[in-house]
Amino acid sequence: LLVVVFLVSFRSFRPVLGAIPPLLVAGAAAAAAAAFRSPVHGISLAFGGALAGMGVDYWIHLYLTAVRDGVPATAKERLRVALDALHHLMPAYLMSVAATLTAFLLLATSSYQAVADLAWIGVGTASGALLSVILGGPAMFALVARPGDRLPKIPIPLRIPGWFAAGLALILLALGTSGVLV
């Protein structure tokens, strides 16, 4: 599904290649955290491993920020642009990871073993996601981005008023919590 979203949005396979290292690093961090908590419940591992997508999210933000003003011709210039984008995004990355770590560290105090395991896997995954974008994001951008890459133009087929969207969301929430949609 991720590949399809990338291909439809970016109309290129190259951004997908840039997302692979962050996914692997965050997944490895989840596996390392699980190894420290071994044995872990399979559900905890599945939910925690799904958090490896944070690394992909961080890569997408870096890629989109770096291509915003156009992609330079040389790899050295692309690396500089990506480092500037990383510098620009770092406060948001740190706030995101801090909020995630805080939530998972609170879950780590749970008396339920599966929840505590999930929490430590989440801590490892969130840390790995941040490390992957800091250590590898700019280099991957320099490798995969090409002049001509630009922000994707995703067509919005239907524009609806905000009040309608909010009302629809409340109705769906009410139906979901009442068990009608379950």
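Before reading on, note that the structure itself is shown above.
Calculation rules
Residues numbered from 1 in each chain as written. Predicted model: local features only at pLDDT ≥ 70, side-chain atom pairs only at ≥ 80, totals over all residues. Heavy atoms only, no water. Helix = DSSP H or I, 4+ residues; strand = E, 2+ residues; numbered from the N terminus. Buried < 20%, exposed > 50% of the residue type's maximum accessible area, 1.4 Å probe, protein only. Bend = angle between axes of the 7 residues up to and from the residue. Contact = heavy atoms within 4.5 Å. 1 Å grid on protein atoms, 1.4 Å probe; cavity = no way out; pocket = protein on both sides within 12 Å on 5 of 7 lines; lining within 4 Å. Points joined across faces, edges and corners; volume = space filled by probe spheres on them. Nonpolar A, V, L, I, M, F, W, Y, C, P; charged D, E, K, R; others polar. Core = buried A, V, L, I, M, F, W, Y, C linked by side-chain atoms within 4.5 Å.

This next bit is on the overall build of the chain. Helix and strand counts for the chain stand at seven helices and zero strands. Each helix (α) and strand (β) of the chain, taken in turn from the N terminus, gives the series α-α-α-α-α-α-α. Referenced to the eigenvectors of the C-alpha coordinate spread, the extents of the chain come out at roughly 55 × 45 × 30 Å. Evaluated residue by residue, the chain yields a buried proportion of 35% over its 182 residues.

This part is about helix H5 (residues 75–107). The largest bend in H5 amounts to roughly 50° and is located at Leu89, with the proline Pro91 lying one to four residues further along. Along its buried surface, H5 packs onto helix H4 (53–67) and helix H6 (113–144).

If you add up the space inside the largest pocket, you get close to 210 Å³. Taken together, 13 residues form the lining of the largest pocket, with Ser9, Phe10, Arg11, Arg150 and Pro152 sitting closest to its centre. Looking at the lining of the largest pocket, its residues break down into five nonpolar, three polar and five charged.

Grouped together as the largest cluster of nonpolar side chains are 31 residues, with contacts concentrated most on Phe6, Tyr58, Trp59, Leu62, Tyr63, Tyr93 and Phe141. When contributions to this core are tallied by element, the ones reaching two or more residues are helix H1 (2–10), helix H2 (14–36), H4, H5 and H6. Beyond its immediate sequence surroundings of up to four residues, Trp59 is in contact with Phe6, Pro15, Gly18, Ala19, Pro22, Val133, Gly137, Met140, Phe141 and Val144. If you look at the next biggest cluster of nonpolar residues, it comprises five residues, including Phe104, Leu118, Ala119 and Val123.

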